[in-house]
Structure formats: structure tokens, C-alpha cells
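# Structural characterization, general
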Amino acid sequence: MTTAAAYALSTPDGRFEKTSIERRELGPHDVLIDIKYAGICHSDIHTARNEWHRTSYPCIPGHEIAGVVAGVGTAVTRHKVGDRVGVGCMVDSCGKCGSCLAGEEQYCTGGGTMTYNTRVSEEFQPGGTTYGGYSTQVVVTENFVLAIPEGIGLDVAAPLLCAGITLYSPLRHWNAGPGKQVAIIGMGGLGHIGVKIAAALGAEVTVLSQSLGKQEDGRRFGAQHYYATSDEQTFKDLRGRFDLIINTVSANLPIDNYMRLLNLDGTLVILGLPDKPLSVQPFTLANFRRSLAGSMIGGIAQTQEMLNFCAEHGIGADIEVISADGIDAAYERVLASDVRYRFVIDAATM
């Protein structure tokens, strides 16, 4: 087995502390990765603080992992030592259910394994729970290891493994592209990447943000339009405008107001996960045949497609690199919306 340094949380209200963990011995199809960078996702905070009420401790979050292959099992064919690679939100799935066979492993019904905080066998991960990327090394089966193209720096690529695919998947599924009016609600860690990808796909992109404070950034990322949702006139001026609206924020928004911004057959896709049920009037849906949908990340093949697309179009996250001893402070700043636009941990500081 491999011993790796890591930063773990022992209680929901505690602070991250340095520790050592064991990674499993390399099996025939396993890849050992030296982690270089790990992005901080809001899901990390939800899990670390047990806000979804299913966290096992010690908790080592991190599912935006970029690094270099340090070792491979005897049967590995997809990767070799020295390759630039990434790991996202999943490290295994059943491989047999309809979702897996369709390349949609993120919707595995037979027992998908998340990168951290999933109960597993001791053989899969010593300790019986998956540990994430806030560590120096990880062992992952080759089918869940992504190739990071040379056109993207490992630091700016790390957030693409969750935030990037979370936006790319619905934009592709609902056919964002030339001739389509696309709105992104919120321009934080998720939203800013969504703007970049939607613009690169050829859509006409509008940002719907609480204020105009990030307007200059939004236009730099590729948005043609930027509106403040704190201004009631916005909802009057934009009524019936959009083919697709992507909601990246986790707040309990007045969804009816946003649904009315959709055109005929338009869809509003929920990515952010608020803590209370959403409410929408049936007539708002029936009028103009509108749809309200949800989306998660994408499958492994689509995640690789996303990375290749981002490399081709020069897309990476806008990041602030931090040392491992700054994780707690970074969490507080995320909650205060004080980051533009994604924190990334330098694993060398562990």
C-alpha cells in the first residue's frame, strides 16, 4: 500500500488537520496518481460540514483532482507513467446497469462509488470510506482516470473535473449552440465556466446575477449580455427570451420568475441544490410548453470530451491557488462569495 499525506476533518464543526492515509495496493487495472492540484467545490463544504446528513468521519474531500501518473497496474492500457491525468466525482460504478452501459455512469443504479465519502470495502480503500483529493496521492481504476490535454495547465484544469463537466453536460444535452439564447444564473465557481463553455459552443450568452459587480468579467468570459436580478425590470425586459437557462446557485430562488423568461419549449435546468423544495406554478410550465429539469455531472466519455473541448478553446477555470493550511479560510471565503472564481489547493504544500 501507499502512504499519502492528506488534510482531514474529524467533526462537522472542526478544522482541517494534516494526517496520513493508506491508499490501496495497485491492482491490475489501477492507476497511482501523484496529485498536483485539487479544486475546492461547494459540495466539499456541504459534505465536510455534514449539511447533507450523510458524512462519515474522518472526511477527506476533493473531487477536482489533477496530477501525474506515478504507477500503473499490470493490465493498464489507457495510461502510462508521466501522463497528465485527472479524476472527477466518481472512481467506480457497477458497469452493468442501463446508465453505465449508456455511458452515463453518474446515474449508476447499481452502486456508483463517489471519489470521497462513499462506504467501500477495506480492499478498495483502507478505512472503508473513499478519501478524496485533499491528499498527495490517489489510486483509481483506469476507466475513471481522464487524460488532461497539454493545452490546459493542471492548476486551471482541476476545477473542470467537477465544475466544468457539471456545466458542459447540460449545455450539450440541451443543444446550446449557434442560434440559441442561453442564460446562466449566477457567475461563481460554476457559472463562470458555464459562460465560457456556452460562448465557445456558439450560443448567445446572458448572465443573470444579483448585481452588476462582475459584469466586466462576464463579458471577458464571453457573455454578450449581463443583467442584475435585483432589478425588477430585468424580469420584464427578458420575458420569453431564452431557449435554455442554467441555474448554478443553491439559493431558494423565485423559480416562477425565471421560468417566465423561457421561450417556447424552453428549459430551465437546476444545478445548484438549495436546502428547501422549489415551487413553481403549473400554469407557468404549461404556458409556452416550458420544462423544469435537473442535471448532475457527465459520464466518463463526456468528461473526456469536455476536457478536449476546453483544451481546443483555451478554457480553464479562473483560480486562486492556496496552500493546504489555508483550506479552512478558503471555505469561509467561499461561503462569503469572496473568490474569483475557484480555490485550488497546491498538493505540494501537504
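This text follows the structure it describes.
We now turn to the structure provided with this report. (Residues numbered from 1 in each chain as written. Predicted model: local features only at pLDDT ≥ 70, side-chain atom pairs only at ≥ 80, totals over all residues. Heavy atoms only, no water.)

### Some remarks on the environment of P254
Structurally, P254 is set in the loop between β13 (242-247) and α8 (255-259). Expressed as a C-alpha distance, the spacing of P254 and L278, which sit 24 residues apart in the sequence, is 8.2 Å. (Helix = DSSP H or I, 4+ residues; strand = E, 2+ residues; numbered from the N terminus.)

### Considering unusual backbone geometry
Each neighbour pair has its own omega, and for Y57 with P58 the value is 5°, a cis peptide bond. Mapped onto the elements, P58 comes out in the loop between α1 (42-48) and β4 (65-72). In the segment running from R340 into Y341, the intervening peptide bond is cis, with an omega of 5°. Inspection of the secondary structure assignment puts Y341 in the loop between α11 (327-335) and β17 (342-346). For H53, which is not glycine, the phi dihedral falls at a positive 60°. Mapped onto the fold, H53 is located in the loop between α1 and β4. Its identity as a non-glycine residue notwithstanding, N117 has a phi of 65°, on the positive side. Tracing the sequence through the fold places N117 in the loop between β7 (113-114) and β8 (137-141).

### With respect to the sheet that holds strand β14 (residues 262-270)
Ordered in space as β12-β11-β10-β13-β14-β15, the six strands form an open sheet in which the pairing is parallel. Each edge of the open sheet carries a strand with a single partner, namely β12 (225-228) and β15 (291-294). Across this sheet, the average inter-strand angle for adjacent strands is 20°, counted without regard to direction. As judged from the four bridges shared by strand β10 (residues 181-185) and β13, these two strands associate in the parallel manner. The residue of β13 that forms the bridge with V182 is L244. This element, helix α4 (residues 163-173), spans β10, β13 and β14 of the sheet and lies at about 160° to β13. (Pairing = 2+ DSSP bridges. Axes fitted to C-alpha atoms, helices over the stretch in contact; angles between N-to-C directions. Contact = heavy atoms within 4.5 Å.)

### Observations regarding the packing of aromatic side chains
Evaluation of the coordinates by the stated rule reveals five aromatic pairs. Seen in terms of ring centroids, F16 and Y134 are 5.7 Å apart; in terms of plane orientation they differ by 55°. Their pairing is tilted. With F16 in the loop between β1 (2-8) and β2 (17-23) and Y134 in the loop between β7 and β8, the pair connects residues that are 118 residues apart, well separated along the chain. On the basis of relative accessible area, Y134 is assigned to the buried category, the value being 0%. Ring centres of F235 and Y258 lie 5.0 Å apart, and the angle between their planes is 85°; on these two criteria the pair is classed as edge-to-face. In this pair, F235 sits in helix α7 (residues 232-237) while Y258 sits in helix α8, placing the two residues 23 residues apart along the sequence. We classify F235 as buried; its relative accessible area is 15%. What makes Y258 buried here is its relative accessible area of 4%. One aromatic cluster in this structure is built from F16, Y134 and Y331. Here the guanidinium or amino end of R24 rests over the ring plane of F124, the centre of that ring lying 4.4 Å away. (Phe/Tyr/Trp six-rings, centres within 6.5 Å; stacked < 30°, edge-to-face > 60°. Buried < 20%, exposed > 50% of the residue type's maximum accessible area, 1.4 Å probe, protein only. Lys NZ or Arg CZ within 6 Å of the ring centre and 35° of its normal.)

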